[in-house]
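These are the residues of each chain, in order.
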Number of protein chains: 2
Amino acid sequence: MTSRSENLVVEPVARLIDELARLPGIGPKTASRLTFFLLRAEAEQTRTLAEAILAMRAQVTLCRRCYNITVGELCAVCTSTTRDQSKICVVEEPLDVLAIERTGAYRGLYHVLHGHIAPLEGIYREDLKIDQLIARVRSEPIDEVILAMNPNTEGEATAFLLLKDLASLGVRITRPARGLPTGGDLEWADPDTLGSAFEGRREL
Amino acid sequence: MTSRSENLVVEPVARLIDELARLPGIGPKTASRLTFFLLRAEAEQTRTLAEAILAMRAQVTLCRRCYNITVGELCAVCTSTTRDQSKICVVEEPLDVLAIERTGAYRGLYHVLHGHIAPLEGIYREDLKIDQLIARVRSEPIDEVILAMNPNTEGEATAFLLLKDLASLGVRITRPARGLPTGGDLEWADPDTLGSAFEGRREL
């Protein structure tokens, strides 16, 4: 922007554009568009958005047992009396818990690592909730740990590290099956996925 | 989401996802991603974002002369002593003012309509700052009105309406030139643009 137009920039507008542009996947153009939308939106909508942001940060904490998000001390899974207390499913993010719950295929407990090992991004073992997982496996009556990290390089590296840590604790360690996605097209499956699908083939 | 997973939805998180998903161009997936980003971001960043939203709505008003955005009574253009007081450039949105200012090619005044005529979307003449424009042209020493609406159907319709309203007021009415965009490719120009470029050709 030239100095000629600089005096035209309205500071609160420029500030909101800057703040929105700091969010992931939102560039300066989208930030401008959102800002001018909010400028014209009902005052009510703008207020509830700002309040929702503040309320989330003020109220949401991590479950002190499994590190899933919650509003109290313990999350809904940890306080439930109907969950299988002998299984822990280890995931990278709270959103993964929601995705697995949506399937209805799992009734055990969770443990959220809050990330994956990625030394190039500066994310090391101690940045994840790994020691907390080991402590749970030692102290709770766990017989199976399901490593449900993302099926990518960082997820694999994280699973490999956990495998080493958990090996001596006398629990079954499993991973979700790899194979062809439902609705997918065999012709377009990548070689790794198709290879996993053949290796893991099952008797009908 | 099945009823089984519903108890897992943390209310402040769901609320922020809902609020973000109301913004234009942001679907439920992006809203989730932004929410979980904010959950992990520095508390400072979350707070400044919420404050920027509230501050913008509280502080930014419309210039009471040209309806551009401003923090005071009048905008920077209207209070400037160096602008040509005989020209008004009519635009649809405040962002258009910034775009034109960036060129440095115009030193007159502005008038922001805040939209375009679009009967199908329920936007009629009285929803725009058209009467306010007519009043300015009548009372201020204006000799040229530049209709700089967007070069699309709604912009054209709005310009046509303004042309009728302004015709009897004894001012020059102009429009920015239509033609090939700089850096564009003649081969790929649409017929309408290329036609305009030929119609508006200039002697070298």
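Basis of the calculations
Residues numbered from 1 in each chain as written. Chains lettered and ligands numbered in written order. Predicted model: local features only at pLDDT ≥ 70, side-chain atom pairs only at ≥ 80, totals over all residues. Heavy atoms only, no water. Domains from an automatic or database assignment. Contact = heavy atoms within 4.5 Å. Buried area = accessible area lost by both parts, 1.4 Å probe. Salt bridge = Lys/Arg side-chain N within 4 Å of Asp/Glu carboxyl O. Helix = DSSP H or I, 4+ residues; strand = E, 2+ residues; numbered from the N terminus. Nonpolar A, V, L, I, M, F, W, Y, C, P; charged D, E, K, R; others polar. Buried < 20%, exposed > 50% of the residue type's maximum accessible area, 1.4 Å probe, protein only. Pairing = 2+ DSSP bridges. Right-handed = clockwise from strand over helix to strand, strands pointing away. 1 Å grid on protein atoms, 1.4 Å probe; cavity = no way out; pocket = protein on both sides within 12 Å on 5 of 7 lines; lining within 4 Å. Points joined across faces, edges and corners; volume = space filled by probe spheres on them.

1. Some points on the domain arrangement of chain A
Here the domain parsing of chain A yields domain 1 (2–54) and domain 2 (81–203). On a C-alpha basis, the centroid separation for the pair domain 1 of chain A and domain 2 of chain A is 39 Å.

2. Focus on the interface of chain B and chain A
Between chain B and chain A, the contact holds 61 residues from the first and 61 residues from the second. Together, the buried faces of chain B and chain A total about 5,800 Å²; carbon and sulfur atoms form 73% of this surface. Its largest share of buried area at the contact with chain A, chain B owes to Leu8(B), Met56(B) and Arg57(B), together 12% of the area lost on that side. Where chain B packs against chain A, one counts 2 salt bridges. Measuring nitrogen to oxygen at the nearest pair gives 2.5 Å for the salt bridge that ties Arg40(B) to Glu93(A). Of all elements in the fold, only helix 1 (3–6), helix 2 (11–21), helix 3 (28–40), helix 4 (43–59), strand 2 (69–70), helix 5 (76–79) and helix 6 (94–103) of chain B reach the threshold of two or more residues within the side of chain B that touches chain A. In terms of residue count, the dominant contributor to the side of chain B that touches chain A is helix 4 of chain B (15 residues). A class-by-class count of the residues in the side of chain B that touches chain A yields 34 nonpolar, 13 polar and 14 charged.

3. Points about the pairing of strand 4 (residues 108–112) of chain A
All names here are of chain A. Along strand 4, 5 of the 5 residues are buried, which leaves the element largely enclosed by surrounding structure. Pairing of strand 3 (residues 84–91) with strand 4 involves 5 bridges; the strand directions are parallel. When the bridges of strand 4 are listed, Val90 appears paired with His111. Crossover strand 3 to strand 4 through helix 6 (residues 94–103) is right-handed.

4. Some remarks on empty space enclosed by the protein
Following the criterion strictly, the structure yields 1 cavity of 30 Å³ or more and no others. As a volume, the largest cavity reaches approximately 60 Å³. Of all the secondary structure elements, the ones that give two or more residues to the lining of the largest cavity are helix 3 (28–40) and helix 4 (43–59) of chain A together with helix 3 and helix 4 of chain B. For the lining of the largest cavity, the residue count by class is 14 nonpolar, no polar and no charged.

5. Things to note about the pattern of salt bridges
Enumeration over the complete set of coordinates arrives at 32 salt bridges over all chains. A salt bridge links Arg125(A) to Asp131(A); the shortest N-O distance between them is 2.9 Å. Residue Arg125(A) is classed as partly exposed on the basis of its relative accessible area of 27%. We note a salt bridge from Arg178(B) to Asp192(B), for which the minimum N-O separation is 3.8 Å.

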